[in-house]
Amino acid sequence: MNSMNLSAVTKQEKELLGFTSPDELREINLQKSRKMVSKVTDLKLAIQKLVKDGDYLGIGGFGMDRIPAAALHEIVRQGRKHLTLAGHTATHDGQILCAGNCLDKVDAAYVVGVELLGLSPNYRRTFQEGKVKVTEWTNATLAWRFKAAAMGLSFLPVRTMLGTETIKHSRAIEYKCPFTGEIYALVPACSPEISIIHVPRADEFGNCQIDGITVSDSDLARASKKLIITCEEIIPTDQIRSEPERTIIPYYCVDAVVHIPYGSYPCNMPGMYYFDLEHLKEWNESERDLQNLEKFVNKYIYGVKDWNGYLEVCGGKKKMAELKTIELNPHAQLNTQSPIHNTLSYNMTEFMICTASRFLEDGKTVVVGTGLPMLSAMLAQKTHAPNLLMMFEAGGIAPLLPALPLSVGDSRTHYKSLVATSMPEIMETCARGMVDYAFLGGAQIDKFGNLNSTMIGTDYERPKVRLPGSGGANDLASLCWNTIIIMKMDKHKFVEKLDFLTTPGYLSGAGSREKAGLPPKTGPLKVITDCCVLGFDEVTKEMQLESLYPGVTLEEVQNRASFKIKVKEGLKLASTKEPTQEELEILRKEIDPTGQVILKQ
């Protein structure tokens, strides 16, 4: 594609959400005061003044970590409607807004999921019933949209989404680089009308410090037309001046500062308090029935006067003290209960985890996803690969994981890490060719290793099942050298044709990744299932059998797929190595002692 036919590519049906031209944004910023005046206000007034019906809303933090939950409750309580959400790892934040029927449109990178707790029934129902209009993105591309606006640009060129249906349902444009001839995706800038970011500390003027990973908050703050800061603590400006290197957001980006302790509850606030898992599960359970959800929302949002009332209903100071104890003593949550293992020496989930871990080599780098990939990477580090460098897409690099994280952004993912940085930095590290493995799962996979994590069904506008979307999967599988995939095998998952091609494998076969514009020499390496290990033919790039689990036959494997499984030439149908006693003990006693993953998959 060349620049002469670029106009033909721009004719897309999808609405471009959140875009403001750089010059218009400059004019808006021209009107913003540069004076250092106190911006402290209360939450109710901040929402009344700055959040309007129909606004495009940006939310700071990552998924269930450092989110402005108190502000979102107030948005629901005040009855804001017709909002557009920047669904950048939007988990419990999106769940809250859907409970209040606040959303009309969503830029979806990661939605409807609540991390390791699964999918939110009501959040998902909102999408499946077509109540929101959706434009697809990925975690990296939405983050880079904020970065473009923060840089005063109208777009940035990137090398993800190419060749997939994710880009077809986005507003990115494919374009040939005039310098190299390579194909890029041009992603448009995104400037929310209003963004809300929760931070641990700010002064009265809005200078903000953030502990640990920053996700995309630095760019989001600079990209937004208006910005509300909610904070755990207001500190003197002298303290800000004594350590200016810790100021992530400067005062001149900020329109209001709200002191709201425990403002991220029931989610994680790094260094302060951990998730309230019981309450998050209560949220999910209430959503299974609309009448129960109505009662739940009436009790916890409409039925209380303010945020302090909500905290009191949820357990008050005692509950907050418990969550603080867990956060400050992350090892304390280990061994709280002993899982009851079945009578077998291992189950298939444990077999998958142990098998996958062996493909992670010592001295390599890996970005891991939530769930099984986390357990496999942790096991590799504790056995044969102590120098495996583990990264998390939200910003943690080389942490000393004290326990199994619930999210790829929770405080454990940067516990005693070498670097606590941003999502763009992680994705840009992948783009520079410095990450060996992306470690992912999916809902569907085809014979070329392409993945679907967006929807099940034939109607995109009203899918049978709405899934979270790409998250960071498309970005990681596009940019890392190799992709390792772990998922259970059955005909509904291993399909001839994906319902939606979210994440690129080898696309349509040999040479198609490169033709689409993805970096050369990249693609899927292994697929770890609950019955076999699969690789890919070096020539055709089709999936092929490499080894069978003990007692599994070739016929059984074939019966679990809806396409023909090739057999690697010369394969003697060897058995995959079984988990060792050491591996199982580490899994059960150190990594997942409560059986949170290994007993529930």
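Our structure's up above, just so we're on the same page.
Residues numbered from 1 in each chain as written. Predicted model: local features only at pLDDT ≥ 70, side-chain atom pairs only at ≥ 80, totals over all residues. Heavy atoms only, no water.

**Observations concerning the overall build of the chain**
A count of helical and extended segments in the chain gives 21 helices and 27 strands. A globule of 601 residues ought to have a C-alpha radius of gyration of about 25 Å, and the chain, at 24 Å, matches this closely. In terms of overall dimensions, the chain has C-alpha extents of about 75 × 65 × 50 Å along its principal axes. Here the chain holds 601 residues, and the buried ones make up 60% of them. (Helix = DSSP H or I, 4+ residues; strand = E, 2+ residues; numbered from the N terminus. Rg over C-alpha atoms; globule rule 2.2 N^0.38 Å. Buried < 20%, exposed > 50% of the residue type's maximum accessible area, 1.4 Å probe, protein only.)

**Structural notes on the layout of surface pockets**
Reported here for the second largest pocket is a volume of approximately 330 Å³. In terms of lining residues, the second largest pocket is bounded by 15 residues, among which Leu-25, Asn-29, Arg-222, Tyr-252 and Cys-253 are the most central. Here the lining of the second largest pocket is built from residues that sort into eight nonpolar, three polar and four charged. (1 Å grid on protein atoms, 1.4 Å probe; cavity = no way out; pocket = protein on both sides within 12 Å on 5 of 7 lines; lining within 4 Å. Points joined across faces, edges and corners; volume = space filled by probe spheres on them. Nonpolar A, V, L, I, M, F, W, Y, C, P; charged D, E, K, R; others polar.)

**Examining the packing of aromatic side chains**
Centre distance and the angle of the planes are the two values used to describe a pair of aromatic rings. One pass over the full model with this rule turns up 13 aromatic pairs. Between the aromatic rings of Trp-283 and Phe-296, the centroid separation amounts to 4.8 Å while the plane-to-plane angle is 65°, which identifies the pairing as edge-to-face. Of this pair, Trp-283 sits in helix H11 (residues 277–286) while Phe-296 sits in helix H12 (residues 290–302), and the two are 13 residues apart along the sequence. When its relative accessible area of 7% is taken as the criterion, Phe-296 is described as buried. (Phe/Tyr/Trp six-rings, centres within 6.5 Å; stacked < 30°, edge-to-face > 60°.)

**Notes on helix H14 (residues 316–328)**
Residues spaced three or four apart along an α-helix face the same direction, because each turn holds 3.6 residues. Between its first and last C-alpha atoms H14 spans 19 Å; for 13 residues at 1.5 Å apiece the expected length is 18 Å, and the two agree. Those residues of H14 lying buried are Gly-316, Lys-319, Met-320, Leu-323 and Glu-327. Taken down its axis, H14 places every buried residue within 95° of arc, on the same side. Turned more than 90 degrees away from the buried face of H14 sit Lys-317 and Lys-318, all of them exposed. Looking at the buried positions of H14, the neighbouring elements they touch are H11 and helix H13 (307–313). (Expected span 1.5 Å × (residues − 1). Arc of directions from axis to C-beta. Contact = heavy atoms within 4.5 Å.)

**Overview of the pairing of strand E18 (residues 437–440)**
By the alternation rule, side chains of E18 split into Tyr-437 and Phe-439 and Ala-438 and Leu-440, which are all buried. Of the strand pairs in this sheet, strand E14 (residues 365–368) and E18 are connected by three bridges, and their pairing is parallel. Bridge assignment links Val-366 to a residue of E18, and that residue is Tyr-437. Bridge analysis of E18 against strand E23 (residues 482–486) gives four bridges, and the strand direction is parallel. If you follow Leu-440 over to E23, its bridge partner there is Ile-485. (Pairing = 2+ DSSP bridges.)

**Section: H11**
Within H11, the full set of buried residues consists of His-279, Leu-280, Trp-283, Asn-284 and Ser-286. Contacts from the buried residues of H11 go to helix H4 (69–77), helix H5 (92–99), helix H6 (121–128), H12 and H13.

**Focus on the sheet that holds strand E7 (residues 173–176)**
In spatial order, the strands read E6-E8-E7; together these three strands make up an open sheet with antiparallel pairing. Strands at the two margins of the open sheet, each flanked by one partner only, are strand E6 (155–158) and E7. On average, each strand axis in the sheet is tilted by 35° relative to the strand beside it, whichever way the strands run. Here E6 pairs with strand E8 (residues 183–188) via four bridges, running antiparallel. Paired with Phe-155 across the bridge in E8 is Pro-188. Packing of helix H7 (residues 139–150) onto the sheet brings it into contact with E6 and E8, and relative to E6 it is tilted by some 140°. (Axes fitted to C-alpha atoms, helices over the stretch in contact; angles between N-to-C directions.)

**Focus: empty space enclosed by the protein**
Applying the stated criterion across every chain yields a total of three cavities of 30 Å³ or more. Taken as a whole, the largest cavity encloses approximately 60 Å³ of empty space. Together, Phe-127, Val-132, Val-134, Tyr-460, Glu-461, Pro-463 and Arg-466 line the largest cavity. A per-class count over the lining of the largest cavity returns five nonpolar, no polar and two charged.

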